[in-house]
Protein chains: 2
Amino acid sequence: MRHSLAGRAENAIQAQILAQLRDEGPLSKAQLADRLEVSRTTAASEVARLVEVGLAQEAGPAASRGGRRSTLVDLSQDIRFVGISIGATGLSVGVTDGRLTVLATRTRECDIRQGPETVLAVALELAREVLAEVGVDRPMGAGVGVPGPVDFHRGVSVSPPIMPGWGGYPVRDAVSRELGCPALLDNDVNVLALGEQHAGVAKGARDFLFVKIGTGIGCGIVIDGQLYRGVNGCAGDIGHIRVEEFGPTCACGNSGCLEAFSGGAALARDATAAARSGRSPALAALLEEKGELTAADVGTAVGQGDAQAVQLIRDSGRQIGQVIAGLVSFFNPGLIVIGGRVTGLGHALLAEIRGVTYRRSLPLATGNLPIVLSELGDEGGVVGAARMISESIYSP
Amino acid sequence: MRHSLAGRAENAIQAQILAQLRDEGPLSKAQLADRLEVSRTTAASEVARLVEVGLAQEAGPAASRGGRRSTLVDLSQDIRFVGISIGATGLSVGVTDGRLTVLATRTRECDIRQGPETVLAVALELAREVLAEVGVDRPMGAGVGVPGPVDFHRGVSVSPPIMPGWGGYPVRDAVSRELGCPALLDNDVNVLALGEQHAGVAKGARDFLFVKIGTGIGCGIVIDGQLYRGVNGCAGDIGHIRVEEFGPTCACGNSGCLEAFSGGAALARDATAAARSGRSPALAALLEEKGELTAADVGTAVGQGDAQAVQLIRDSGRQIGQVIAGLVSFFNPGLIVIGGRVTGLGHALLAEIRGVTYRRSLPLATGNLPIVLSELGDEGGVVGAARMISESIYSP
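Remember, it's a predicted structure, so these values are computed and weren't measured experimentally.

## Quick notes on the overall build of chain A
Thinking step 1. A count of helical and extended segments in chain A gives 14 helices and 15 strands.
Thinking step 2. The C-alpha atoms of chain A give 23 Å as radius of gyration, which agrees with the globular expectation for 396 residues (21 Å, within 12%).
Thinking step 3. The C-alpha extent of chain A, read off along each of the three principal axes, is 75 × 50 × 40 Å.
Thinking step 4. As presented, chain A carries roughly 16000 Å² of accessible surface, and 49% of it is formed by carbon and sulfur atoms.
Thinking step 5. Averaging the positions of the 36 positive and the 42 negative side-chain charges in chain A gives two centres separated by 4 Å.

## Quick notes on the sheet that holds strand S14 (residues 336-339) of chain B
Residues and elements named next belong to chain B.
Thinking step 1. Spatial ordering of the open sheet is given by S13-S12-S11-S14-S15, a layout of 5 strands whose pairing is mixed. Whereas interior strands pair on both sides, the edge strands pair on one side only; in this sheet they are strand S13 (226-227) and strand S15 (371-373).
Thinking step 2. Looking at chain direction, S14 and S15 are connected through 3 bridges and run parallel. Bridge pairing links isoleucine 338 to leucine 373 in S15.
Thinking step 3. Packed on one face of the sheet, helix H12 (residues 346-360) meets strand S11 (208-213), S14 and S15 and runs near 170° to S15.

## Regarding the UniProt feature "domain: HTH marR-type" (unreviewed entry) in chain A
Thinking step 1. Under the UniProt annotation, the feature "domain: HTH marR-type" (unreviewed entry) is placed at residues 13-58 of chain A.
Thinking step 2. Along residues 13-58 of chain A, the helical share is 72% and the strand share 11%, with 17 Å between the first and last C-alpha atoms.

## Examining the nonpolar core
Thinking step 1. Residues Leu283, Phe330 and Ile338 of chain A together with Leu283, Phe330 and Ile338 of chain B are the most contacted members of the largest nonpolar core, which totals 92 residues.
Thinking step 2. Here leucine 283 of chain A is in contact with Ala271, Ala274, Ala275, Leu293, Asp297, Val298, Ala301, Asp306, Ala309 and Leu312 of chain A, once residues within four sequence places are set aside.
Thinking step 3. Grouped together as the second largest cluster of nonpolar side chains are 41 residues, Ile17, Leu75, Leu184 and Ala385 of chain A included.

## Structural notes on the domain arrangement of chain A
All names here are of chain A.
Thinking step 1. Here chain A is described as being made up of domain 1 (12-75), domain 2 (81-198 + 379-393) and domain 3 (204-373).
Thinking step 2. Taken over C-alpha atoms, the centre of domain 2 sits 25 Å from the centre of domain 3.
Thinking step 3. With 15 residues of domain 2 at the contact, the number on the domain 3 side is 17 residues.
Thinking step 4. When the two sides are added together, the surface that domain 2 and domain 3 hide from each other amounts to roughly 1400 Å², 58% of it contributed by carbon and sulfur.
Thinking step 5. It is Val189, Asn190 and Gln197 in domain 2 that bury the most area against domain 3; as a group they hold 35% of the surface buried on that side.
Thinking step 6. Counting across the domain 2 and domain 3 interface gives 2 salt bridges.
Thinking step 7. Of the charged contacts in the structure, one is a salt bridge between arginine 229 and aspartate 186, with a shortest N-O distance of 2.7 Å.

## Details of the sheet that holds strand S2 (residues 56-61) of chain B
All names here are of chain B.
Thinking step 1. Read from one edge of the open sheet, 3 strands run S1-S3-S2, paired in antiparallel fashion. Strands with a single pairing partner mark the edges of an open sheet, and in this sheet they are strand S1 (27-28) and S2.
Thinking step 2. One ladder, built from 4 bridges, connects S2 with strand S3 (residues 71-75); its direction is antiparallel. Looking across to S3, one finds that alanine 56 is bridged to leucine 75.
Thinking step 3. Contacting S1 and S3, helix H1 (residues 12-24) crosses the sheet at an angle of about 85° to S3.

## Looking at the interface of chain B and chain A
Thinking step 1. Counting from both sides, the interface comprises 41 residues of chain B and, opposite them, 41 residues of chain A.
Thinking step 2. Counting every contact that joins chain B to chain A gives 0 salt bridges.
Thinking step 3. Summed over the shared surface of chain B and chain A, the number is 24 residue pairs in polar contact (both at pLDDT 80 or more).
Thinking step 4. Of all the secondary-structure elements, those providing two or more residues to the side of chain B that touches chain A are strand S12 (217-223), helix H11 (307-331), H12 and helix H13 (363-366) of chain B.
Thinking step 5. The greatest single-element share of the side of chain B that touches chain A, amounting to 6 residues, is contributed by H11 of chain B.
Thinking step 6. Within the side of chain B that touches chain A, the residues separate by chemical class into 20 nonpolar, 13 polar and 8 charged.

## Some words on the pattern of salt bridges
Thinking step 1. As enumerated under the stated definition, the model contains 45 salt bridges over all chains in all.
Thinking step 2. The salt bridge partner of lysine 290 of chain B is aspartate 297 of chain B, with a shortest N-O separation of 2.5 Å.

## Some remarks on the packing of aromatic side chains
Thinking step 1. Going through the model one piece at a time under the given rule, you end up with 7 aromatic pairs over all chains.
Thinking step 2. With centroids separated by 5.7 Å and ring planes inclined at 70°, the aromatic side chains of phenylalanine 330 of chain A and phenylalanine 331 of chain B adopt a geometry described as edge-to-face. Here the residue phenylalanine 330 of chain A occupies a position in helix H11 (residues 307-331), and phenylalanine 331 of chain B occupies one in helix H11, the pair thus bridging two chains. Of the two residues examined, phenylalanine 330 of chain A and phenylalanine 331 of chain B, each falls in the buried class.

## Here we look at the side chain of aspartate 237 of chain A
Thinking step 1. Residue placement: aspartate 237 of chain A occurs in the loop between strand S13 (226-227) and helix H7 (258-262).
Thinking step 2. Other than its neighbours up to four places away in sequence, aspartate 237 of chain A contacts Ser329, Phe330 and Leu362 of chain B.

## Description of the relation of the copies chain B and chain A
Here two copies of a chain appear, and what relates them is a rotation about an axis with a shift along it.
Thinking step 1. Superposing chain B onto chain A requires a rotation of 180° together with a translation of 0.0 Å along the rotation axis, leaving an RMSD of 0.1 Å. Within this description, the copies of the chain are treated as partners about a two-fold rotation axis.

## As for the environment of glycine 7 of chain B
Residues and elements named next belong to chain B.
Thinking step 1. On the secondary structure map, glycine 7 appears in the segment before H1.
Thinking step 2. We classify glycine 7 as buried; its relative accessible area is 12%.
Thinking step 3. Taking the C-alpha atoms as reference, glycine 7 lies 46 Å from glycine 253; in sequence the two are 246 residues apart.
Thinking step 4. In this structure, glycine 7 is in contact with Val53, Leu55 and Ile393, ignoring residues within four places of it in sequence.

The rules behind each value
Residues numbered from 1 in each chain as written. Chains lettered and ligands numbered in written order. Predicted model: local features only at pLDDT ≥ 70, side-chain atom pairs only at ≥ 80, totals over all residues. Heavy atoms only, no water. Helix = DSSP H or I, 4+ residues; strand = E, 2+ residues; numbered from the N terminus. Rg over C-alpha atoms; globule rule 2.2 N^0.38 Å. Areas by Shrake-Rupley, 256 points an atom, 1.4 Å probe, with all protein chains shown as cover. Lys, Arg positive; Asp, Glu negative; His and termini not counted. Charge placed at Lys NZ, Arg CZ, Asp CG, Glu CD. Pairing = 2+ DSSP bridges. Contact = heavy atoms within 4.5 Å. Axes fitted to C-alpha atoms, helices over the stretch in contact; angles between N-to-C directions. UniProt positions renumbered as here; feature names shortened; annotations may be inferred. Core = buried A, V, L, I, M, F, W, Y, C linked by side-chain atoms within 4.5 Å. Buried < 20%, exposed > 50% of the residue type's maximum accessible area, 1.4 Å probe, protein only. Domains from an automatic or database assignment. Buried area = accessible area lost by both parts, 1.4 Å probe. Salt bridge = Lys/Arg side-chain N within 4 Å of Asp/Glu carboxyl O. Polar contact = N/O pair within 3.5 Å; in protein donor to acceptor, adjacent residues only side chain to side chain. Nonpolar A, V, L, I, M, F, W, Y, C, P; charged D, E, K, R; others polar. Phe/Tyr/Trp six-rings, centres within 6.5 Å; stacked < 30°, edge-to-face > 60°. Least-squares fit on C-alpha atoms with pLDDT ≥ 70 in both.

Below is the structure:
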């Protein structure tokens, strides 16, 4: 008999069993009963129900603990999740098993400004490729991250400044229909925070912030192990926090926003100005060679010892650090992870962010506060998107 | 038989029953079963246990819903909590019943700088007075709020800048020992947020911020109905968020802190300067009359139409609004309540705070965001302190 794969956890005990199996691997029924503080009878009957709906399977006798042998329980080997991570200039798609191990993955360059039909067609093509590679017709669920604000409950993008044509587009429902499974949509920052929690430096952290510094700047907030999205789903929008009274006009229409000073686009703009003014020989050479500069080029110039490039990174890190210091005073997190396209300029930037944050926040809040760089690459978004949908499937 | 009053909720179902009775009043066993989604048998057996430990009592037959009559359940009429709200210059002490209705209260001027022995002696004297007034020897629990940082888990004040002598003093244990009941200690801002949630404009709000503007400035954070204290218990310390690169030196040792610009002490300082410079006739007259100025005097001068005083309020409100706008971008709350000693200058300050916040935050986050003044007086701290200890007693 083939199990139906339409199952979902039906109650809180089943949800806890699935989360344990996802995060810890196979466990005996006795171990599950102990960890959940329920009777062995209850554990056994809930496991039986999970087996019935195709979410769990029995995996032989457990190692003896003395007394009667308990049966080992694992997530169903048939579970497959799709994670789709859409960025401003490219996308990654992967398929995972129930424990969110990536089984196959594809990455492709793709400009978000081509609009939702074109970009989603590419994403779905890659999804079908990875599903075919692992021999699966229909996944159990799909998670999608996009680089802009999302109405999580409706599953649509909301007035995304760098995503023309995406506003109000039913991304979640389109992916769900095309892949024939439940789907969820969130912004890339929240998805990356979940990836970090599952497979990165935040593994096991209960209260942390994930700060993404890419073209824009945003923050994922995890409270007591759960993503906090705010009342309207737009929590973590720190790119538009004011850092100076005056400053360059931001895409949001205000001036003085963090993002307009310190985002990747702002860094590229300032690097181009430094190159043209003759203040930075290294950046001028890079501009001549490539025709335009990106934030990564500033990192290259820093590597060549260019003083002006170092100054740009320092200024950027100082502004970001001042905002993070404010968040630390307000939120008192246990860990801050810095991620996004900061490769190359990561450590110089990190040093400045740390300096400002540790100096500006209350000692009680920073005493044991690590501020670290993410070590996950593109896979972070794929794992995070898969984690997001797994949390929904594994919950009642 | 006299019930022991040492009881506590033993499990999550009992905790839900007690919270329902506290927030809704007497309910029938049938209603409790419906609301908790448990069987009537389970509801009845948990109620019986709560009656046994002296937390609940049966209160006669419920109104008929057709069919067999259910029994009405109420919180025990014997429950008494003490709430102690200690401020910088005075303290309020009250005794409440199980639903946190204040039965008796006392307020006394008392300078926090006299140190913990003296101040706590006054607080405990008032506590004994209110307990005697309602004819109770020993309350079921006591909550205490103090105007400075607290290590919630240890129950002590931590390096409190305006509270010399309080650092490390075991406030919680001293109150617990003297009143012969469990006690909890937190900072005044968190306690006021709880009071607001129970009896104020935040009644029923799940995610809100309570911003206290007094001598200092702080913020209580309620997430999903629960106070969020942060990893080290110092979340909400927004008075030391930087609002300007340079500025007056703050008590914390940094410069540019919000509190050093916009707290009550800063406002009194700036008002004194305005009076002495001759820029403000109204403040100059008040200074001559009283010998020194407080934040409240600025409110008086505003009422007299003094342009300089209006400007001081505007500047203060602008800085506070900029910090709140940042918190809105980060946290996306459903409600912001402004409280503290802002009486008199409340509405002028509120208008400025609203203007800046609504202008600087993302429209999605401010669309349905009320920013309102607290309407609770001194009783807010008493009710909040009682609520804090009730949540502990009513939880497993």
